[in-house]
Structures are given as structure tokens and as C-alpha cells.
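Structural characterization, general
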Amino acid sequence: MSDDYSLDGMKVLVPRGKKHAKPFSDLVKKYGGIPVEIPLISFRPVTSANLAIFLHKKLHKYDWIIFTSNVTVETFFSFGINRIVLNHIQIAAIGEKTEEALVRKGVTVDFKPKEYVAEAFVKEFSPYISDGANVLIPKGNLARELISTTLEKKGAHVDELVIYETFFPDSSRDALVKALTEKQLDIISFTSPSTVDHFMAVVKEMNLLSTIDHCLFMCIGPVTLQRANALGLHVDAMPDTYTIDHMLQSIMKIIRKRENK
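A brief report on the enclosed structure follows.

Each value, and the rule that gives it
Residues numbered from 1 in each chain as written. Predicted model: local features only at pLDDT ≥ 70, side-chain atom pairs only at ≥ 80, totals over all residues. Heavy atoms only, no water. Salt bridge = Lys/Arg side-chain N within 4 Å of Asp/Glu carboxyl O. Helix = DSSP H or I, 4+ residues; strand = E, 2+ residues; numbered from the N terminus. Buried < 20%, exposed > 50% of the residue type's maximum accessible area, 1.4 Å probe, protein only. Phe/Tyr/Trp six-rings, centres within 6.5 Å; stacked < 30°, edge-to-face > 60°. Pairing = 2+ DSSP bridges. Axes fitted to C-alpha atoms, helices over the stretch in contact; angles between N-to-C directions. Contact = heavy atoms within 4.5 Å. Right-handed = clockwise from strand over helix to strand, strands pointing away. Arc of directions from axis to C-beta. Parallel < 35°, antiparallel > 145°, perpendicular 65-115°, else oblique. Left-handed = near helix turned anticlockwise from the far one by under 90°. Nonpolar A, V, L, I, M, F, W, Y, C, P; charged D, E, K, R; others polar.

Digging into the pattern of salt bridges
- The full count for this structure, using the stated rule, is 15 salt bridges.
- One salt bridge connects Asp159 with Lys61, and the closest N-O pair in it is separated by 3.6 Å. With Asp159 in strand β7 (residues 157-167) and Lys61 in the loop between α2 (49-57) and β4 (64-67), this pair connects stretches of sequence that are 98 residues apart.
- One salt bridge in this structure joins Glu160 and Lys139, with 3.2 Å as the shortest N-O distance. Placement of Glu160 in strand β7 and of Lys139 in strand β6 (residues 134-140) is noted, with a sequence separation of 21 residues between them.
- For Glu160, a relative accessible area of 29% gives the class partly exposed.
- Residue classification places Lys139 among the buried positions, given a relative accessible area of 7%.
- Within the structure, one salt-bridge network assembled from shared partners comprises Glu74, Arg104 and Lys105.

As C-alpha cells, this is what we get:
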């Protein structure tokens, strides 16, 4: 990207928790912005002895395991899974961060789609699935069922396994109200439909719609964009490549266009 593009000191909402916020915040700083970290979403592993037993005893029966996010990867291995047991299983990953998380665990990724959304994944991945193939999809409690339903139509046997829960941290509510009331945010970023839901729940409950009139909004991908539109938000930017870096670049282009008017 040209050096002419910049966040110009604008304050950018980073909607991720401490563990995942740093790479996002570092990019905001790199582009001349000020990151404001308020987690709109957090994750916790599902507590279940049966789940742990399943993961340790049943993995051998699968031909493919599909990982849809780096959170899924980290949570999956938090159950004490030894990567060696995955040697005979083919691994699919959606997104660069997901692949990087798997590589850090010593796992080879056999398939990664060109686009990082479920719709593109199933289109590209379907030819790799034979009739009767056994597929495991570890997931969060709010994940969509598009991948499993599509693969089942192709003749695969698919098990979806909820291994973590998505929630809105209590501490974030007050932090968000304060930031909006004091107009500490210039750019609002959404990285999932859940971040949109949690943000707008606070905005509507506290009657803060007027405090976001001046803000620019950006979404990481089309599913998140669709959710934002459904809740009445005008989204200013969404990248063609669904990464944080490309999302920031897309909003900087909008900022430059406004400056040149």
C-alpha cells in the first residue's frame, strides 16, 4: 500500500481480547492509528469429560478434520491432543491465521481455500470429499452449519463438535459505554457477526446511536457485513481479502477519498 494512505491518528476499536488483540493493534499503530482495545467477543472451552474422552478415543475414525479459526485450533489442542494422532488424518484450514496456528502445533495443512469464508470453502473443498468420507468439524457454539450440511449432501458423514463457547465479557460493556459516550472512537471494526451483535446490543440498550454518527465502520468479510446491515449500520469498508491487514487498508482508502473531496 502507498505511504500516502494512513489512519491519520484516528482511534480504532480493536474488538478482540488481549490474547488476540496485539497483532491487530500493532497494525493499527503501523498505519498511524490509535488502537482502543475493547473485547466484543471472548471464548471459553466447553467443560465436559465426555468431550475430552471423545477427542482422545474417536479421532482415529475421521478422514478429514476441518478447522475454521485459530481459536478452534487453540481450543482443540487445549484438550491435550497429541499431534501424532492426527498423522493419518487430512487437515483442512480456513484462513492464514488458522493455518499458522496449526503449523505452530506441528500439523501439516492439506487443504486451504483461496477465500476465507464458508461458502468459498465448500465450493473448493467438495471435490476432495468422497462418498462415505468421515469428517469432523470442531466449532464454537454460534458457528454456522453451512459446511456440514453441504458436505452431507455430497455423501460425507459429518460430526460437528462444539468445543468452545462465545460470550461478551462483562468488563467490556462499561468500557464500550464510556468510549462511545466520550466519543473516544473514530473507526469501529467488526471481525464476526457476534461482535456486531454485542456492540449493537449495548448501543441500543444505552440509547447511544447518536454517539456513533461520526464513526466509520469496517467489516472483515461478507457474513459480518450482512449482519451489520441487518442491524441498520452503514458499513464503509470491507476488503476483498478477508484479513485484518486488508480490512485496515480498505478503510484507509475511504479516509483518503474523503480527504481528497
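Quick notes on the packing of aromatic side chains
- Scanning all chains against the criterion turns up 14 aromatic pairs.
- Centroid distance Phe43 to Tyr164: 5.4 Å. Interplanar angle 85°. Geometry classified as edge-to-face. In this pair, Phe43 is assigned in strand β3 (residues 42-45) and Tyr164 in strand β7, connecting sequence segments 121 residues apart.
- Classification of Phe43 as partly exposed rests on a relative accessible area of 29%.
- With 6.4 Å between their ring centres and 80° between their planes, Trp64 and Tyr128 make a pair best called edge-to-face.

Structural notes on the sheet that holds strand β8 (residues 187-190)
- Across the sheet, four strands lie side by side as β2-β1-β8-β9; this open sheet has parallel pairing. Looking along the sheet, the strands with just one partner apiece sit at the ends: β2 (34-37) and β9 (216-219). Going from strand to strand, the sheet's axes swing by 25° on average, the running direction of each strand aside.
- Direction of pairing for strand β1 (residues 11-14) relative to β2: parallel, over a ladder of four bridges. In the sheet register, Lys11 faces β2, and the bridge partner there is Ile34.
- Together, β1, β8 and β9 form the strand contacts of helix α8 (residues 193-205), whose direction differs from that of β8 by roughly 135°.

Details of the pairing of β1
- The parallel pair β1 and β2, bridged by helix α1 (residues 18-30), forms a crossover whose chirality is right-handed.
- Here two bridges tie β1 to β8, and the two strands are oriented parallel to one another. The residue bridging Leu13 from the neighbouring strand is Ile188, located in β8.

Topic: the side chain of His198
- For His198, the position within the fold is in helix α8.
- Other than its neighbours up to four places away in sequence, His198 contacts Leu40, Ile41, Phe167 and Phe168.

Brief notes about helix α6 (residues 146-153)
- When we look at burial in α6, the residues that qualify are Ile147, Ser148, Thr150 and Leu151. For α6, the arc enclosing every buried residue in end-on projection is 170°, short of the 170-degree limit, so these residues lie on one face.
- On the buried face of α6, the contacting elements are β4, α5 (118-125), β6 and β7.
- Of the residues flanking the end of α6, it is Gly155, one or two places downstream, whose phi is positive at about 100°.

Observations concerning the packing of α5 against α6
- At a minimum axis separation of 9 Å, α5 and α6 run at an interaxial angle of 25°. One finds that α5 runs roughly parallel with respect to α6. As α5 runs across α6, the sense of the crossing is right-handed. Two secondary-structure elements touch here, α5 through Ala118, Glu119, Phe121, Val122 and Phe125 and α6 through Leu146, Ile147, Thr150 and Leu151.
- Tallied by class, the residues present in the contact of α5 with α6 amount to seven nonpolar, one polar and one charged.

Any functional reading would require information that these geometric values do not contain.
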